[in-house]
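# Structural features, examined
The residues making up each chain are set out below.
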Amino acid sequence: MNDRPDALELLRIANHTLTQEILPGAKPDQLYTLRMIANALGIAARELESRDVDIASESHSLAALYENTAQTGTLRQLNQALARDIRAGKFEQSAGQEAQLRQHLIKAARAKLAITYPKGLLENIKK
Amino acid sequence: MSAAVRPPDADVVAKFLRNGCSADAARVNAITLLSGGAIQQNWQLDVTITSGPYAGTHAWVLRTDAEATVQSSSARDREFAVLKFAHMHGLLAPRPLFLCEDTNITGRPFFIMEKLPGVAAGHVVTRDNTLVTDRRALARQLAALLAKIHTVGPPVEGLEFLQTFHASDCIAAYRTYLDTLDEAHPVLEWGLRWCERRAPLEEETTFIHRDFRTGNYLVENNTVTGLLDWEFAAWGNPLEDVAWICAKCWRFRKDHYIVGGVADLEDFIPPYEAASGRKVSMDDLHYWQVMAHIRWSIIALQQAQRFLAGGESSLELALTGKIVAELEWEVLQLTEHTD
């Protein structure tokens, strides 16, 4: 067992130190790079924080999409199957099927956006 | 900038310029990295040429691949040819001067071009009210320039190498790229399928810039003074260019100005229609906006691969991979109505 602080706590305090102590006094030509570093630390922390929940949720949603089919596999394999099936138009048999697919895609995309650019979630998708 | 970015050797460049300019001597007084080059690097050269046809002091730009990897020399060679053509036809391209495909000079192919005045940086152009004082006037100029680019049709001597990108070509190319990746991208597949099912039956074929957007045109005193980054130029549907600059990803978070974060649609589309004689329907615009976000996703994935698999340790390239989520979100928003 590693000693605390854990990875998430370290990423957060590192980002806090960078944005509170370094960024305000940074030279203009370093601002862009420093902001990129802060952004990377923020993304990493959010990804680490929600990874387990996100993987479980996406797997669950994918399994529901492939309910009553023979399709099984890891999350990666299921996503590969999904990509193939979308390309082949397999979800276009009925409006209901397509709506279910869309709901899944929105859910998975929302989880990714919550990590990379949470502000983007404020623009709501209807339906 | 990352420490890995090293300027080309001033003496070596000076020697190349002395020969190219047929001068007794050439001096490179300063080399400065210009911003905005994840794929290519642009170095400003302040040079003094002592004699010959180029005698004088100039601000020139040396354009080269960002890293000594993958890019074939033909990429620079072709962009040089496109610049020559675009400059000659008054399309506000910088004047290209010398092409160097000999990798013994700086280690990679490069070319030298004139530096045009003005500011390109998207976050400045979309925010500086002293630079852009009249949005409608700026939008009119952009519309007129784009319409002028689209007056050129194939064939053009010297540009035989240009590829053609109609909707179906775009879809096929993006799918081919996705198939090279380990991870699947269901949202992009959804978007591509959406585009496939609605692909236009007939399309025009004109010269297209394929990166006509805020960040790539130069502005000075509310005047468009130049258009940069011609490396993606191709033959294709002019509507792709029209929608590209209207895509959300090029608004630099100034989302209320649909056109590149600088102007309203009403200030851009009607002047474009008037200048080009072409009708741009909202459906066309919508279609090509979906395609725009898919295309930028593909480019972002390619840039991320340069970090992941190409050995380029650049934070900027790494973070570009994380932009895809936002682009996919936009694809889903735009394809809300399935029919």
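The rules behind the values
Residues numbered from 1 in each chain as written. Chains lettered and ligands numbered in written order. Predicted model: local features only at pLDDT ≥ 70, side-chain atom pairs only at ≥ 80, totals over all residues. Heavy atoms only, no water. Helix = DSSP H or I, 4+ residues; strand = E, 2+ residues; numbered from the N terminus. Rg over C-alpha atoms; globule rule 2.2 N^0.38 Å. Buried < 20%, exposed > 50% of the residue type's maximum accessible area, 1.4 Å probe, protein only. Contact = heavy atoms within 4.5 Å. Areas by Shrake-Rupley, 256 points an atom, 1.4 Å probe, with all protein chains shown as cover. Buried area = accessible area lost by both parts, 1.4 Å probe. Salt bridge = Lys/Arg side-chain N within 4 Å of Asp/Glu carboxyl O. Polar contact = N/O pair within 3.5 Å; in protein donor to acceptor, adjacent residues only side chain to side chain. Nonpolar A, V, L, I, M, F, W, Y, C, P; charged D, E, K, R; others polar. Pairing = 2+ DSSP bridges. Core = buried A, V, L, I, M, F, W, Y, C linked by side-chain atoms within 4.5 Å. Disulfide = S-S within 2.5 Å. Expected span 1.5 Å × (residues − 1). pLDDT = per-residue confidence, 0-100. Axes fitted to C-alpha atoms, helices over the stretch in contact; angles between N-to-C directions. Parallel < 35°, antiparallel > 145°, perpendicular 65-115°, else oblique. Left-handed = near helix turned anticlockwise from the far one by under 90°.

### Some words on the overall build of chain B
Counting its regular elements, chain B contains 12 helices and 10 strands. In terms of overall dimensions, chain B is globule-like: its C-alpha atoms have a radius of gyration of 20 Å, near the 20 Å expected for 339 residues. With respect to the three principal axes, the spread of C-alpha positions in chain B is 70 × 45 × 40 Å. In chain B, buried positions account for 53% of the 339 residues. When contacts within chain B are restricted to residue pairs at least 6 apart in sequence, those whose partners lie at least 24 apart make up 69%.

### What to know about the overall build of chain A
Counting secondary structure elements, chain A contains four helices and zero strands. Along the chain direction, N to C, the helices and strands of chain A fall in the order α-α-α-α. A compact globule built from 127 residues would reach a C-alpha radius of gyration of about 14 Å, whereas chain A, at 20 Å, exceeds it by more than 25%. In terms of principal-axis extent, the alpha carbons of chain A reach across some 60 × 40 × 20 Å. Put simply, chain A has 127 residues, and 31% of those count as buried. Contacts in chain A between residues at least 24 apart in sequence constitute 45% of all its contacts with a sequence separation of at least 6. Summed over its atoms, the accessible surface of chain A is roughly 8100 Å², and 55% of this surface lies on carbon and sulfur atoms.

### Quick word on the interface of chain B and chain A
Listed by partner, the interface residues are 30 residues for chain B and 35 residues for chain A. Note on chain B versus chain A: buried area summed over both sides is about 3100 Å², and carbon and sulfur give 58% of it. On the chain B side of the interface with chain A, the three residues burying the most area are Trp190, Trp329 and Glu336 of chain B, jointly 23% of the side's total. Arg87 of chain A is paired through a salt bridge with Asp179 of chain B; the nearest N and O atoms lie 3.0 Å apart. At the surface where chain B touches chain A, the tally comes to 11 residue pairs in polar contact (both at pLDDT 80 or more). Every element with two or more residues in the side of chain B that touches chain A is listed here: helix 6 (167–178), helix 7 (186–197), helix 11 (315–320) and helix 12 (324–334) of chain B. Top contributing element to the side of chain B that touches chain A by residue count: helix 7 of chain B, with seven residues. Along the lines of polarity and charge, the residues of the side of chain B that touches chain A split into 11 nonpolar, three polar and 16 charged.

### Regarding the pairing of strand 5 (residues 110–114) of chain B
Residues and elements named next belong to chain B. Of all five residues in strand 5, four are buried, a share of seventy percent or more. Both strand 4 (residues 96–100) and strand 5 contribute to a ladder of four bridges, which runs antiparallel. Across the sheet, residue Cys100 finds its bridge partner in strand 5, namely Phe110.

### Let's talk about the nonpolar core
Residues and elements named next belong to chain B. In terms of nonpolar packing, the biggest core is built from 82 residues, with Ile149, Phe207, Tyr217, Trp230, Phe268 and Met291 touching the most fellow members. Among the elements that take part in this core, helix 10 (residues 282–308) stands out by supplying 12 residues, more than any other. Excluding residues within four positions of it along the chain, Phe268 makes contact with Ala139, Leu142, Ala143, Leu146, Val242, Ile245, Cys246 and Val259. The next biggest cluster of nonpolar side chains, apart from the first, holds 20 residues, and it includes Ala14, Cys21, Leu97 and Phe98.

### Topic: the side chain of Asp85 of chain A
Residues and elements named next belong to chain A. In this structure, Asp85 sits in helix 3 (residues 75–87). Given a relative accessible area of 11%, Asp85 falls into the buried group. Other than its neighbours up to four places away in sequence, Asp85 contacts Tyr66, Lys90 and Phe91.

### Observations regarding the state of the cysteines
Residue and element names in this part refer to chain B. Applying the stated criterion across every chain yields a total of zero disulfides over all chains. Lacking any disulfide linkage, Cys21 is separated from the closest cysteine sulfur, that of Cys100, by 13 Å. Distance from the sulfur of Cys246, which forms no disulfide, to the nearest cysteine sulfur (Cys249) is 11 Å.

### Structural notes on helix 3 of chain A
With 13 residues, helix 3 of chain A extends 18 Å between its outermost C-alpha atoms, agreeing within 8% with the 18 Å of an ideal straight helix rising 1.5 Å per residue. Looking at helix 3 of chain A, one finds that the buried residues are Leu78, Asn79, Ala81, Leu82, Ala83, Asp85 and Ile86 of chain A. Next to the buried residues of helix 3 of chain A lie helix 2 (28–65) and helix 4 (95–116) of chain A together with helix 7 of chain B. Immediately downstream of helix 3 of chain A, the backbone of Gly89 of chain A shows phi near 75°, a positive value.

### Here's the deal with the sheet that holds strand 7 (residues 206–208) of chain B
The strands that make up a sheet are held in pairs by hydrogen bonds between backbone atoms, and each pair lies either parallel or antiparallel. All names here are of chain B. Strand order in this open sheet of three strands is 6-10-7, and the pairing throughout is mixed. Every interior strand has two partners, whereas the edge strands, strand 6 (164–165) and strand 7, have only one. In terms of strand pairing, strand 6 meets strand 10 (residues 234–236) through two bridges, oriented parallel. Looking at the pairing, Phe165 lines up with Gly236 of strand 10.

### As for the confidence of the model for chain B
Averaged over all residues, the pLDDT of chain B equals 93, while 95% of them reach at least 70. At the level of chain-chain contacts, confidence expressed as ipTM amounts to 0.95, with global pTM at 0.94.

### Some details on helix 5 (residues 135–149) of chain B
Residue and element names in this part refer to chain B. Taking 1.5 Å of rise per residue, the 15 residues of helix 5 would be expected to cover 21 Å, and the 21 Å separating its terminal C-alpha atoms lies within 8% of that figure. Turning to helix 5, its buried residues number three or more, namely Arg135, Ala137, Leu138, Ala139, Leu142, Ala143, Leu145, Leu146, Ala147 and Ile149. Here the buried face of helix 5 lies against strand 7, strand 8 (217–220), strand 9 (223–227), helix 8 (238–244) and helix 9 (269–276). The N-cap residue of helix 5 is Asp134: its side-chain oxygen and the backbone nitrogen of Arg136 are 3.2 Å apart.

### Points about the packing of helix 1 (residues 7–22) of chain A against helix 2 of chain A
Residues and elements named next belong to chain A. Contact geometry of helix 1 with helix 2 gives a least axis separation of 9 Å together with a crossing angle of 155°. Between helix 1 and helix 2, the angle is such that the two are roughly antiparallel. Seen from above, helix 1 lies across helix 2 with left-handed handedness. Touching Ala7, Leu8, Leu11, Arg12, Ala14, Asn15, Leu18, Thr19 and Ile22 of helix 1 are Leu34, Ile37, Ala38, Leu41, Gly42, Ala44, Ala45, Leu48 and Glu49, all from helix 2.

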